[in-house]
Amino acid sequence: MSALWFGPGKPSIFTLLTPFLKEASLLETEGVDWQDIEGNRHVSKVYVLICSSDSVAQPLLRNTKQFNGFYGCDFCYHKGGKTYPYDRPEPPLRNEKDHFEKIKPPVEITRTPRSLSERKFWKASEWRAFLLFYALPILKGILPVRFWNNLFLLVFSIYTLLQDTIKTRSILMAEVALKKFVIEFQRLYGKNHMTFNIHLLTHVTQSVKHWGPLWATSTFPFESNMGTLLKYFHGTQYVPSQIARKFLMWRELPEKAKHTIASGNTKVQSFVEKLYVSKRRTDKCDTLNKSIKGFDHPPLQENIPASHRLAIVKLCGNLSNCFWYYSRFLVDGALYHSQTYDRIKKRFNSAVYLKDGQLDSQINVQSDFIHESVTAMNCVQSGRDPDEDDKHADELP
Ligand SMILES: [Zn+2]
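Residues numbered from 1 in each chain as written. Predicted model: local features only at pLDDT ≥ 70, side-chain atom pairs only at ≥ 80, totals over all residues. Heavy atoms only, no water.

S.K.: Would you mind going over the packing of helix 5 (residues 145–161) against helix 6 (residues 168–189) with me for this structure?
M.R.: It is at 8 Å that the axes of helix 5 and helix 6 come closest, and there the two elements cross at 150 degrees. By the angle class used here, helix 5 and helix 6 are roughly antiparallel. In the crossing of helix 5 with helix 6, the sense of the turn from one axis to the other is left-handed. Contacts between helix 5 and helix 6 pair Arg 146, Phe 147, Asn 150, Leu 151, Leu 153, Leu 154, Phe 156, Ser 157, Thr 160 and Leu 161 from the former with Ser 170, Ile 171, Met 173, Ala 174, Ala 177, Leu 178, Lys 180, Phe 181, Glu 184, Phe 185, Leu 188 and Tyr 189 from the latter. Grouping the constituent residues of the contact of helix 5 with helix 6 by class yields 15 nonpolar, 4 polar and 3 charged. (Axes fitted to C-alpha atoms, helices over the stretch in contact; angles between N-to-C directions. Helix = DSSP H or I, 4+ residues; strand = E, 2+ residues; numbered from the N terminus. Parallel < 35°, antiparallel > 145°, perpendicular 65-115°, else oblique. Left-handed = near helix turned anticlockwise from the far one by under 90°. Contact = heavy atoms within 4.5 Å. Nonpolar A, V, L, I, M, F, W, Y, C, P; charged D, E, K, R; others polar.)

Here you go:
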């Protein structure tokens, strides 16, 4: 945390930026002197490349016009103002030269779904889940087809741009889809709804080309830190100093713990560790291999139907007696439940995406087998040929 502002109005941007810039330029010119594990000394310099902020904070940081002013878009020369209707021909993009000439340098330099009727109170993560996972299936048949098709373009693009790695071809596809979305959006919903956020979608792929997937420049981590800071005070007295004190205490605790906890005292050590890492509790599970953990001590053998036995033979090459039956297990950190696991009502962790490209719930019963020799999640569906690996790797799930 570099700054905390408490007060009825907005802070002067210099109050926030000056100390940050001083430190940033020091990191740029002098860098950090450090030693690696072999004792070699390094100097690493840190350069500020990009700053993630919302559209309200951005003009403050850059000393430019706000988005609801005329020509308020930082990417292009859209006249803008209150609304940003789709313009044809598209407004020319701002370029480096233009930016340069106009720079005015400052003196220094996780939840379950909530009802749609409560959407006013939804958090950003709830909107994200709605957009990426819920909207298309639940609105099918409710939203008129042409509106649903339009929404599909948005979901498709954002999903694409959020992947861990994105192929250039996929970025281009997302770009086309987003442009189509914006053009159709105006036709479907009217010019009055062409807000700045809709307009920004026409520039989103450019940002991905420069800076990587959308998650890499997301403001979510910062927003979630805000939530943490809100838990750092009680009452209404001395709020800033309460927050600052607790923040510093949490930051210093691991270092203090290192010096005060006796080296053999693993109980206290793991207690302190747990304060910082909120992991799913895995202390009661069996570690089957590096990536697979099974929960609850399994019954030795269950009555296993012939088709399932065949699937296991196919997977493991033989049908030894050393397989176990787990109704709850983790594969690479992802939790799966078998259909027979009924202790959790609000979740469904039993669907898997099969190697042959099918999303199937038939697999549920079979997916709860983990054999000693299985090194990765390798579901086999009996009666179907699962051998065509990655045939659908390029397609949407
Ligand atoms: Zn623009």
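S.K.: Just checking my understanding: could you explain the sheet that holds strand 3 (residues 286–287) for this structure?
M.R.: Sheet strands pair via backbone hydrogen bonds, and the direction of the pair is either parallel or antiparallel. Taking strand neighbours across the sheet as the criterion, the 4 strands line up as 3-4-6-7 in an open arrangement whose pairing is antiparallel. The open sheet terminates on both sides in strands that have one partner only, identified here as strand 3 and strand 7 (334–337). Across 3 bridges, strand 4 (residues 292–294) lies against strand 6 (residues 328–331) in antiparallel orientation. Looking at the pairing, Ile 292 lines up with Val 331 of strand 6. (Pairing = 2+ DSSP bridges.)

S.K.: What's the story with the coordination of the zinc ion in this structure? I'm lost.
M.R.: Reference geometry at the metal: tetrahedral coordination by four donors gives ideal angles of 109.5 degrees; octahedral coordination by six donors gives 90 or 180 degrees. Donor atoms from the polypeptide that bind the zinc ion are Cys 73 (SG), Cys 76 (SG), His 199 (NE2) and His 203 (NE2), placed at 2.2 to 2.4 Å. Considering all 4 donor atoms around the zinc ion, angles at the metal cover 101 to 127 degrees and the coordination shape is tetrahedral. Accessibility classification places Cys 73 together with His 203 in one group, the buried group. (Donors = N, O, S within 2.8 Å, 3.2 Å for Na, K, Ca; no water. Tetrahedral: all angles 85-135°; square planar, octahedral: opposite > 155°, others 65-115°. Buried < 20%, exposed > 50% of the residue type's maximum accessible area, 1.4 Å probe, protein only.)

S.K.: Can you help me understand unusual backbone geometry in this one?
M.R.: Excluding glycine, residues mostly carry a negative phi; peptide bonds, for their part, are mostly trans. With an omega of 0 degrees, the peptide bond between Arg 88 and Pro 89 qualifies as cis. Looking at where Pro 89 falls in the secondary structure, it is placed in the loop between helix 2 (57–62) and helix 3 (96–102). Unlike most non-glycine residues, Tyr 71 shows phi in positive territory, near 50 degrees. With respect to the secondary-structure elements, Tyr 71 resides in the loop between helix 2 and helix 3.

S.K.: Quick question: what am I supposed to make of the pattern of salt bridges here?
M.R.: Side-chain pairing between opposite charges can occur once the charged atoms of the two side chains come close. Counted by the stated rule, this structure contains 7 salt bridges. Across the salt bridge formed by Lys 179 and Glu 90, the nearest N and O atoms sit 3.1 Å from each other. Residue classification places Lys 179 among the partly exposed positions, given a relative accessible area of 31%. Classification of Glu 90 by relative accessible area gives partly exposed; the value is 37%. (Salt bridge = Lys/Arg side-chain N within 4 Å of Asp/Glu carboxyl O.)

S.K.: Sorry, what's going on with the environment of Tyr 189 here?
M.R.: Structurally, the position occupied by Tyr 189 is in helix 6. Apart from residues lying up to four places away in sequence, Tyr 189 is in contact with Phe 147 and Asn 150.

S.K.: Please explain the nonpolar core as it appears in this structure.
M.R.: Counting residues in hydrophobic clusters, the biggest one holds 29 residues, and the most contacted among them are Leu 151, Leu 154, Leu 161, Phe 181, Val 182 and Leu 201. Mapped onto this core, the elements with two or more residues apiece are helix 4 (124–139), helix 5, helix 6 and helix 8 (204–211). The biggest single contributor to this core is helix 5, with 8 residues. Those residues within four positions of Val 182 in sequence are excluded, and the remaining contacts are Tyr 86, Met 194, Ile 198, Leu 201 and Thr 202. Judged by nonpolar contacts, the second largest core, of 6 residues, contains Tyr 326, Phe 329, Val 331 and Tyr 336. (Core = buried A, V, L, I, M, F, W, Y, C linked by side-chain atoms within 4.5 Å.)

S.K.: Quick question: what am I supposed to make of a nonpolar patch on the surface here?
M.R.: On the surface, Leu 253, Phe 271, Leu 275, Tyr 276 and Val 277 cluster together to form a nonpolar patch covering roughly 450 Å² of accessible area. For the nonpolar patch, the element with the highest residue contribution is helix 11 (residues 266–276), accounting for 3 residues. Here Phe 271 shows up in helix 11. (Patch = residues over 30% accessible without salt bridge, like charges linked within 9 Å, V, L, I, M, F, W, Y side chains within 5 Å. Areas by Shrake-Rupley, 256 points an atom, 1.4 Å probe, with all protein chains shown as cover.)

S.K.: What exactly am I supposed to notice about the packing of helix 10 (residues 239–260) against helix 11 here?
M.R.: Between two packed helices, the angle of one axis relative to the other and the distance separating the axes together describe the packing. Running from N to C, helix 10 and helix 11 cross one another at 160 degrees; their axes reach a closest spacing of 11 Å. Looking at the two axes, helix 10 sits roughly antiparallel to helix 11. The two elements helix 10 and helix 11 cross, and the hand of that crossing is left-handed. In this structure, helix 10 uses Trp 250, Leu 253, Pro 254 and Ala 257 to contact helix 11, whose residues at the interface are Val 272, Leu 275 and Tyr 276. Among the residues making up the contact of helix 10 with helix 11, the classes are represented as 7 nonpolar, no polar and no charged.

S.K.: Just to check I follow, could you spell out helix 12 (residues 306–316) for this structure?
M.R.: One turn of an α-helix holds 3.6 residues; hence residues three or four places apart share an orientation. Among all positions in helix 12, only His 308, Ala 311, Ile 312 and Cys 316 are buried. Down the axis of helix 12, the buried set is contained in an arc of 115 degrees. They therefore lie on one face. More than 90 degrees from the buried face of helix 12, the exposed residues found are Ala 306, Leu 310 and Lys 314. (Arc of directions from axis to C-beta.)

S.K.: Would you mind going over the packing of aromatic side chains with me for this structure?
M.R.: The description of an aromatic ring pair rests on the distance of the ring centres and on the angle between the ring planes. According to the stated counting rule, one finds 11 aromatic pairs in the structure shown. Put simply, the rings of Phe 147, Phe 181, Phe 185 and Tyr 189 pair up and form one aromatic cluster. Lys 79 extends its terminal NZ or CZ atom over the ring of Phe 70, reaching a point 4.8 Å from the ring centre. The ring of Trp 148 carries the charged tip of Lys 140 above its face, separated from the ring centre by 4.6 Å. (Phe/Tyr/Trp six-rings, centres within 6.5 Å; stacked < 30°, edge-to-face > 60°. Lys NZ or Arg CZ within 6 Å of the ring centre and 35° of its normal.)

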